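# Commentary on secondary and tertiary structure
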Amino acid sequence: MPGRLLLSMRKFVAPEFVFGRGALRLAGRQAAGLGVRRALLVADPGLSLFGWPQMVEQSLAEAGVATERFEALSSNPRDYEVMDGAAAFADCVCDAIVAVGGGSAMDCAKAIGIVSANKRHILSFEGVDNIERPGPPLLCVPTTAGTGAEVSQFAIITDTTRQRKVVIASKTLIPDAALIDPDVTVTMPPDLTAHTGLDALTHAVEAYVSNAQGPVTDLFALEAVRLIAANLPRAIAEPADIEARGAMLLASLYAGMAFSNAILGAVHAMAHSLGGLLDLPHGLCNAILLDHVVAYNYDAAPSRFDTLGRCLGATLDADAPADVRKTAVIETLQAFKRSVGVNQGLLELGLTREVFGDLARRALDDPCLLTNPKKPSQADLEAIYESASQPLA
Ligand SMILES: [Fe+2]
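In every chain, residue numbers begin from 1 and rise along the written sequence. Restriction of local features to residues with pLDDT of at least 70 applies here, the model being predicted, together with a cutoff of 80 or more for giving and counting side-chain atom pairs; totals for whole chains, interfaces and linings are based on all residues. Neither water nor hydrogens contribute to the side-chain values; these are computed over all heavy atoms in the structure.

## Details of the layout of surface pockets
Rules: A 1.4 Å probe that fits but cannot get out identifies a cavity on a 1 Å grid over protein atoms alone, an open set with protein on both sides within 12 Å along at least five of seven lines counts as a pocket, and a residue lines either if it has an atom within 4 Å of a point. Grid points are joined across faces, edges and corners, and a volume is the space filled by probe spheres set on the points. The way it works is that DSSP assigns letters per residue, a run of H or I at least four long becomes a helix, a run of E at least two long becomes a strand, and they are numbered from the N terminus. Each residue gets one of three labels, nonpolar for Ala, Val, Leu, Ile, Met, Phe, Trp, Tyr, Cys and Pro, charged for Asp, Glu, Lys and Arg, and polar for the others, Gly among them. The domain boundaries here were taken from an automatic or database domain assignment.
What the largest pocket holds in volume is close to 950 Å³. Taken together, 46 residues make up the lining of the largest pocket; nearest its centre are Ser75, Gly102, Gly103, Ser104 and Thr196. Ranked by the residues each element gives to the lining of the largest pocket, the list is headed by helix H5 (residues 190-209), at five residues. A per-class count over the lining of the largest pocket returns 20 nonpolar, 21 polar and five charged. Residue-level mapping places the lining of the largest pocket at the junction of two domains, with at least three residues from each of domain 1 (16-185) and domain 2 (190-387).

## A short note on the sheet that holds strand S2 (residues 38-43)
Our working definition: Strands are treated as partners if at least two bridges between them are detected by DSSP. Here an axis means a line fitted to C-alpha atoms, over the contact stretch when the element is a helix, while the angle between two N-to-C directions is reported on a 0 to 180 degree scale. Note on contacts: a residue pair is in contact if any heavy atoms of the two residues lie within 4.5 Å.
Spatially, six strands are ordered S1-S9-S6-S4-S2-S3 in an open sheet, and the strand pairing comes out parallel. The open sheet has two free edges, formed respectively by strand S1 (16-19) and strand S3 (66-70), since each of these has just one partner strand. Taking each pair of neighbouring strands and ignoring which way they run, the sheet shows an average axis angle of 20 degrees. Contacts between helix H4 (residues 103-118) and the sheet are confined to S2, S3, strand S4 (96-101) and strand S6 (138-142), with S4 contributing the most and set at about 165 degrees to the helix.

## Re the coordination of the iron ion
Basically, it comes down to this: Donor criterion used throughout: N, O or S atom within 2.8 Å of the metal, extended to 3.2 Å for Na, K and Ca. Water excluded; incomplete-looking sites may result. Irregular is the label for any site that misses the other tests, which are tetrahedral for four donors with all angles between 85 and 135 degrees, and square planar for four donors or octahedral for six when opposite donors exceed 155 degrees and the remaining angles lie between 65 and 115. Residue burial is assigned from relative accessible area. The probe radius is 1.4 Å, only protein chains are included, and a residue is buried under 20% of its type maximum, exposed over 50%, and partly exposed in between.
Surrounding the iron ion are the protein donor atoms Asp199 (OD), His203 (NE2), His268 (NE2) and His282 (NE2), which sit 2.1 to 2.2 Å from the metal. One can describe the donor arrangement at the iron ion as irregular, given that its four donor atoms subtend angles of 84 to 170 degrees at the metal. If you list the donors of the iron ion from N- to C-terminus, the spacing comes out as D-x3-H-x64-H-x13-H. Here Asp199 pairs with His203, and both are found in helix H5, just four residues apart, close to one helical turn. Here the two residues Asp199 and His203 agree in accessibility, since each one is buried.

## Observations concerning the pattern of salt bridges
Rules: The salt bridge definition used is simple: a Lys or Arg side-chain nitrogen within 4 Å of an Asp or Glu carboxyl oxygen.
Using the criterion set out here, one finds 17 salt bridges in the structure. Note that Glu57 and Arg69 form a salt bridge whose closest N and O atoms lie 2.6 Å from each other. Placement of Glu57 in helix H2 (residues 52-62) and of Arg69 in strand S3 is noted, with a sequence separation of 12 residues between them. Residue classification places Glu57 among the buried positions, given a relative accessible area of 17%. You can call Arg69 partly exposed: its relative accessible area is 32%. As a salt-bridge pair, Glu223 and Arg226 come within 3.2 Å of each other at their nearest N and O atoms. Of the two residues, Glu223 and Arg226 are both situated in helix H6 (residues 215-237); the distance of three residues between them amounts to about one turn of the helix. The partly exposed category is assigned to Arg226, whose relative accessible area is 40%.

## A closer look at the domain arrangement of the chain
Quoted interface sizes are often the accessible area lost when the parts come together. We count it as follows: When two components associate, each loses some accessible surface as probed by a 1.4 Å sphere; the sum of these losses over both components is called the buried area. Here a polar contact is recorded for every N or O atom pair within 3.5 Å, except that within protein the pair must consist of a potential hydrogen donor and a potential acceptor, and residues adjacent in sequence are included only if both atoms are side-chain atoms.
By domain assignment, the chain separates into domain 1 (16-185) and domain 2 (190-387). Computed from C-alpha atoms alone, the centre-to-centre distance between domain 1 and domain 2 is 26 Å. Tallying the contact residues gives 26 residues for domain 1 and 30 residues for domain 2. Between domain 1 and domain 2 lies a buried interface of about 2400 Å² when both sides are counted; carbon and sulfur atoms form 62% of it. Ionic pairing is found between Asp279 and Arg78, a salt bridge with its closest N-O pair at 3.1 Å. Between domain 1 and domain 2 we count 10 residue pairs in polar contact (both at pLDDT 80 or more) in total. Where the side of domain 1 that touches domain 2 is concerned, the elements lending two or more residues are S1, strand S7 (154-159) and strand S8 (164-169). Sorting elements by how many residues they give to the side of domain 1 that touches domain 2 places S8 first, with three residues. When its residues are assigned to classes, the side of domain 1 that touches domain 2 shows nine nonpolar, nine polar and eight charged.

## Regarding the packing of aromatic side chains
Put simply, the rule reads: Working definition: rings of Phe, Tyr and Trp (its six-membered ring) pair if their centres are within 6.5 Å, and the pair is stacked with planes under 30 degrees apart, edge-to-face with planes over 60 apart, and tilted otherwise.
Here the structure, examined in full by the defined rule, presents five aromatic pairs. Plain terms: the ring middles of Phe12 and Phe220 are 5.6 Å apart, the flat faces sit at 20 degrees to each other, and that makes the pair stacked. Of the two residues, Phe12 sits in the segment before S1 while Phe220 sits in helix H6, which places them 208 residues apart along the sequence. According to the relative accessible area criterion, Phe220 is buried, its value standing at 17%. The interplanar angle of 20 degrees and the centroid separation of 5.9 Å between the aromatic rings of Phe356 and Tyr385 together place this pair among those described as stacked. Within this pair, whereas Phe356 is found in helix H12 (residues 356-364), its partner Tyr385 is found in helix H13 (residues 378-387), the two being separated by 29 residues in sequence. Tyr385 matches Phe356 in its accessibility class, with the two residues each being buried. Grouped by ring-pair contacts, the aromatic residues Phe12, Phe220 and Tyr254 constitute a single cluster.

So this is what it looks like as structure tokens:
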């Protein structure tokens, strides 16, 4: 039976973006168009090795925009780093922010912007719609294919006192423009390509089964899954394959627009908990948890999970019993993870079973859980952490 069209009201927000080779070189023109005179360039440390921040600075300089570089940020950006960035923004009398990097640089840049505009500590913005004044103009140049932060209305910052990730959600966090250039992603090493690619897959899967999904987010989510299935293994095997890199960056963009509007689910709630307590890489945490959360969620939306499984290459008989289809979907997902070199269990990341209770408690408080298709208990989340503790067979 064909699915019924959802006709309840849904809002969709997305920024202006330019996608394609050479988009990075438009930074100056975009900034000048926004009236920018001096920008704080927030870049992932280490990226200058590849020359990407310098190329953005050059483009800005050619358009008469001065820059100050800020690179003192971690891979899970921390509260005090954001406050230091806001101090640098004020000291340099900047009037805009340009982010060059992965999710860390872009989330840090968004956070510096709202702190600068509202003169409040970053942790006071936690939650949904707690920002009075929008930040200064923000341009984003993503250098990984996965985060979706270049189009999303979220920023995730680590509260270092409580060792937890704080979710900040507001339309004001959507960048003014994103310059999405496949050429800058060819320098990603294979493990980063795999982890960020599986982060994008998780965004698409969680958005597609979210209880805030709609026909527009579905469109982006499913196409993201198809592109990732066809291109992530290629991008890892052939890092310079610009077609595969471009397709992955497009998939990340699609998945970003899907999850920014349909929100996420238990994988992200549980991954935020892991990342906050143990400072672990976001994409890897999601990648390890994804198939285990799908196994838990499957019966809440079986036909949606079947569709996702088919997009990943599963052959499913619609008349087969649900448990047979569920097994096929999960095996397809696990085979895909293995094909991109991810088969670790959580215990290999250096954590012990004793923290599962604490992790589950923290995950229960994460706003991403509100849109999960099923409402888990503390015991359910502990059981998922336990099932993800061992490597894939
Ligand atoms: Fe993510």
